[in-house]
Amino acid sequence: MSLARFGYGSCNQLMEIQQESKIIIGESYQIDIIGLTHDGEGVGRIGKMVVFVPQAIPGDLVIAKVISVKKTYARALINQMIKSSSDRIEPSCSLVKQCGGCQLAHLQYDKQLYWKQQHVSEALKRIGKIKANVLPIIGMENPTAYRNKAQIPVAFQNQELVMGFYQKRSHNIVDLEYCQIQHPLISKAVQVMKRILVELGIAPYDEQNHTGVLRHVVIRVSFSEKALMILMVTRTRKIPQLNELISRLRHEIPELESIMQNVNPAVTNVIYGSETRLLWGKPYLIDEIGKLKFVISARSFFQVNPIQTKILYDVVKKAVFLTGKETVWDLYCGIGTIGLYLAENAGQLIGVEIIPEAVEDARLNAKCNGIEHAVFYLGKAEVIAPKLVRQGLRPDVIIVDPPRKGCELSLLQTISQVKPAQIVYVSCNPATLARDLEILNTMGYAIDMVQPVDVFPQTYHVETICLMSKK
Ligand SMILES: C[S@@+](CC[C@H](N)C(=O)[O-])C[C@H]1O[C@@H](n2cnc3c(N)ncnc32)[C@H](O)[C@@H]1O
């Protein structure tokens, strides 16, 4: 069992948990839910055996049927709620149970924040063996309708065209009517598009037979401009009735500014193929964070919650010590947002990013915002950073904002070699953050600040900023 699954208890306590062999698959047991895993499942015990119960929350008393028993833990599904937790609320979305995208929607928002804070502290303690004072998590004032992007699979199910989200651990699509965490324009665009696709007879992709056309629709909204981009991921380059499709989408969604296509002919679960092209309008959206404007291409990463992103970037800006002379490296820079946000206080900015479109956006973003002392390199951070070091460049501040898997060890070694005065680690995964902080800690960096920010309300995800300085 991965200890990372636990949302409570010390390591020693967990080690004491013994295997209990009498638990029978298919039998139901009364379980008191006393904790929450990092991925939002309730934690209780049957005897000494730890049991994970999806959709249960601390304070619930449930009768649950055991569906699997492993060496040191079991899983069970709720049969009956004997007593509901006082923290339980009725989610505003009726599809929460089927969809699985909002794992914490049935938990009061302040308690969601409490558990996210716990999970960050626990991960640092248990995985990173780090005793750090974790600042109180910054929550969202109105924790709904915050997402600016949805990746929506399209399929025929029971003779009907559906567009929605995959059910947890399945390829069954929950048809979307309205989503409480998406910007309302996204839900509206999905409804309109579904109707038009049916009327024009454009076939969704059939993954069993590898036939049909439309695999995914990716919809992005600019909060500041109230503008939309629709990216259609198709199996074939040719889209039947394309002109009619474009004209009807434009007519029925006046906020639409861009229609793009990505062609993915492969038999694969990977969403995108290599070719992306413009079908109509502009090949990008523009959104704002603070006083900066950002160009966002179809394939570029942009934080999904622009309201909390500003708060996140403000925390970073406040945390780093910049006098106007320092060199800042923004590794995993996406379209350059964090670095450009700090650039007015920096002497030089170097960004590194792996997606070519994002690097082009970053360069354009520097230009559009009148920032001349920024350069962006295309490539892997772990490859480009050592090259920069070999060229004799030395940063004062390094920002890393990697994907969920965290940083490559070789990158952390390069960082320790160039010895920046400060490191800012922005992470969407407390487990890999803790792992990497422990490494940086042993390389001579002290943790000055850990600040969780809730960028993903209603879900188990949490963003954390950690500031480190040379000991
Ligand atoms: C979590 S996003 C952060 C982006 C940006 N800092 C922001 O706040 O919008 C991570 C970014 O790292 C990029 N990426 C993934 N692996 C990379 C690597 N090995 N080297 C450089 N960039 C990478 C992704 O394309 C993505 O843009």
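Predicted, not measured: the structure shown is a model, and the values here were computed from it.

Enquirer: Tell me about the packing of aromatic side chains, residues and numbers included.
Expert: As enumerated under the stated definition, the model contains three aromatic pairs in all. Between Phe52 and Tyr73, the aromatic rings sit 5.3 Å apart at their centres with planes inclined by 55°, giving tilted as the arrangement. Here Phe52 is found in strand E4 (residues 49-53), whereas its partner Tyr73 is found in strand E6 (residues 73-83), with 21 residues between them in sequence. For Phe52, a relative accessible area of 0% puts it in the buried group. With relative accessibility at 16%, the residue Tyr73 sits in the buried group. Residue placement shows Arg299 over the ring face of Tyr272; its charged tip is 4.1 Å from the ring centre. In this structure, Lys470 packs its charged tip against the face of Tyr445, placed 4.8 Å from the ring centre.

Enquirer: Could you give an account of the sheet that holds strand E5 (residues 61-69), with specific residues and numbers?
Expert: Pairing within the open sheet is mixed, and its six strands lie in the order E1-E5-E6-E4-E3-E2. The strands lining the two open edges of the sheet, one partner per strand, are strand E1 (28-32) and strand E2 (35-36). The pairing of strand E3 (residues 42-46) with E4 spans five bridges and is classified as antiparallel. Directly across from Gly42, in E4, lies its bridge partner Val53.

Enquirer: A description of the pairing of strand E15 (residues 292-297) should follow, citing residues and the corresponding values.
Expert: Within E15, five of the six residues are buried, leaving the element largely enclosed by the surrounding structure. As judged from the six bridges shared by strand E14 (residues 284-289) and E15, these two strands associate in the antiparallel manner. Among the inter-strand pairings, Ile286 is bridged to a residue of E15, identified as Val295. Linking E14 back to E15 in an antiparallel pair, the connection comprises two residues, with Gly290 at a positive phi of about 60°.

Enquirer: Which residues make up the side chain of Asp330, and what values do they have?
Expert: Tracing the backbone shows Asp330 in strand E16 (residues 327-331). Here Asp330 sits buried without a salt bridge, and the closest side chain of opposite charge, Arg363, lies 13 Å off (N-O distance). A polar contact is formed between the side chain of Asp330 and the backbone nitrogen of Gly339, at a distance of 2.9 Å. When residues no more than four places from it in sequence are discounted, the contact partners of Asp330 are Gly336, Ile338, Gly339, Leu349, Ile350, Gly351, Val352 and Ile399.

Enquirer: Tell me about the domain arrangement of the chain, and name the residues and values.
Expert: We note that the domain assignment places domain 1 (3-87), domain 2 (113-141 + 303-470) and domain 3 (149-288) within the chain. Placing the centre of domain 1 and that of domain 2 at their C-alpha centroids yields a distance of 35 Å.

Enquirer: Give a detailed account of the packing of helix H9 (residues 381-390) against helix H10 (residues 409-418), specifying residues and quantitative values.
Expert: Running from amino to carboxyl end, H9 crosses H10 at an angle of 25°, the nearest separation of the two axes being 9 Å. As the angle between them shows, H9 and H10 are arranged roughly parallel. As H9 packs across H10, the resulting crossing turns out to be left-handed. Where H9 approaches H10, its residues Ala381, Glu382, Ala385, Pro386 and Val389 are matched on the opposing element by Ser410, Leu411, Thr414, Gln417 and Val418. Residues of the contact of H9 with H10, tallied by class, amount to six nonpolar, three polar and one charged.

Enquirer: Before we move on, can you summarise the side chain of Glu463 with the specific residues and values?
Expert: As for its placement among the helices and strands, Glu463 is situated in strand E22 (residues 463-470). No salt bridge is formed by the buried Glu463; the nearest opposite charge belongs to Arg404, separated by 7.5 Å.

Enquirer: Can you explain helix H6 (residues 306-319)? Please cite residues and give values.
Expert: In this model H6 runs 20 Å from its N-terminal to its C-terminal C-alpha over 14 residues, within 8% of the 20 Å that 1.5 Å per residue would give. Where the residues of H6 are buried, they touch E14, helix H7 (337-342), strand E20 (422-427), strand E21 (445-453) and E22.

Enquirer: Give me the lowdown on the site of the ligand, citing residues and values where you can.
Expert: Taken together, 18 residues lie around the ligand, and Gln303, Tyr313, Glu353, Ala381 and Asp401 are the ones closest in. Within the side chain of Gln303, an N or O atom sits 3.0 Å from an oxygen atom of the ligand. A distance of 3.4 Å is found between a nitrogen atom of the ligand and a backbone nitrogen or oxygen belonging to Ile354. Starting from 590 Å² of accessible surface for the ligand in isolation, the protein chains cover 90%. Among the elements of the structure, H7 and H9 are those that each provide at least two residues to the shell around the ligand. Across the shell around the ligand, the residue classes tally to ten nonpolar, four polar and four charged.

Enquirer: Account for the state of the cysteines, with residues named and values stated.
Expert: Each disulfide consists of a covalent bond between the sulfur atoms of two cysteine residues. Tallying each qualifying case throughout the model produces zero disulfides. Of the cysteine sulfurs around Cys179, a residue in no disulfide, the closest is that of Cys102, at 5.6 Å. No disulfide involves Cys466; its sulfur sits 12 Å from the nearest other cysteine sulfur, which is in Cys407.

Enquirer: Before we move on, could you go through unusual backbone geometry and cite the residues and values that matter?
Expert: One non-glycine residue, Ala145, lies in the positive phi region at around 50°. In this structure, Ala145 sits in the loop between helix H3 (109-126) and strand E7 (149-157). Residue classification places Ala145 among the partly exposed positions, given a relative accessible area of 26%. Of note, the phi angle at His210 is positive, near 55°, even though the residue is not glycine. Examined against the element boundaries, His210 turns out to sit in the loop between helix H4 (184-200) and strand E10 (214-222). When its relative accessible area of 23% is taken as the criterion, His210 is described as partly exposed.

Enquirer: Any details on the environment of Glu360? Residues and values, ideally.
Expert: Assignment of secondary structure puts Glu360 in helix H8 (residues 356-368). Sequence separation of Glu360 and Ile335 is 25 residues, and the distance between their C-alpha atoms is 7.7 Å.

Procedures and definitions
- Residues numbered from 1 in each chain as written.
- Predicted model: local features only at pLDDT ≥ 70, side-chain atom pairs only at ≥ 80, totals over all residues.
- Heavy atoms only, no water.
- Phe/Tyr/Trp six-rings, centres within 6.5 Å; stacked < 30°, edge-to-face > 60°.
- Helix = DSSP H or I, 4+ residues; strand = E, 2+ residues; numbered from the N terminus.
- Buried < 20%, exposed > 50% of the residue type's maximum accessible area, 1.4 Å probe, protein only.
- Lys NZ or Arg CZ within 6 Å of the ring centre and 35° of its normal.
- Pairing = 2+ DSSP bridges.
- Lys, Arg positive; Asp, Glu negative; His and termini not counted.
- Salt bridge = Lys/Arg side-chain N within 4 Å of Asp/Glu carboxyl O.
- Polar contact = N/O pair within 3.5 Å; in protein donor to acceptor, adjacent residues only side chain to side chain.
- Contact = heavy atoms within 4.5 Å.
- Domains from an automatic or database assignment.
- Axes fitted to C-alpha atoms, helices over the stretch in contact; angles between N-to-C directions.
- Parallel < 35°, antiparallel > 145°, perpendicular 65-115°, else oblique.
- Left-handed = near helix turned anticlockwise from the far one by under 90°.
- Nonpolar A, V, L, I, M, F, W, Y, C, P; charged D, E, K, R; others polar.
- Expected span 1.5 Å × (residues − 1).
- Near = heavy atom within 4 Å.
- Areas by Shrake-Rupley, 256 points an atom, 1.4 Å probe, with all protein chains shown as cover.
- Disulfide = S-S within 2.5 Å.

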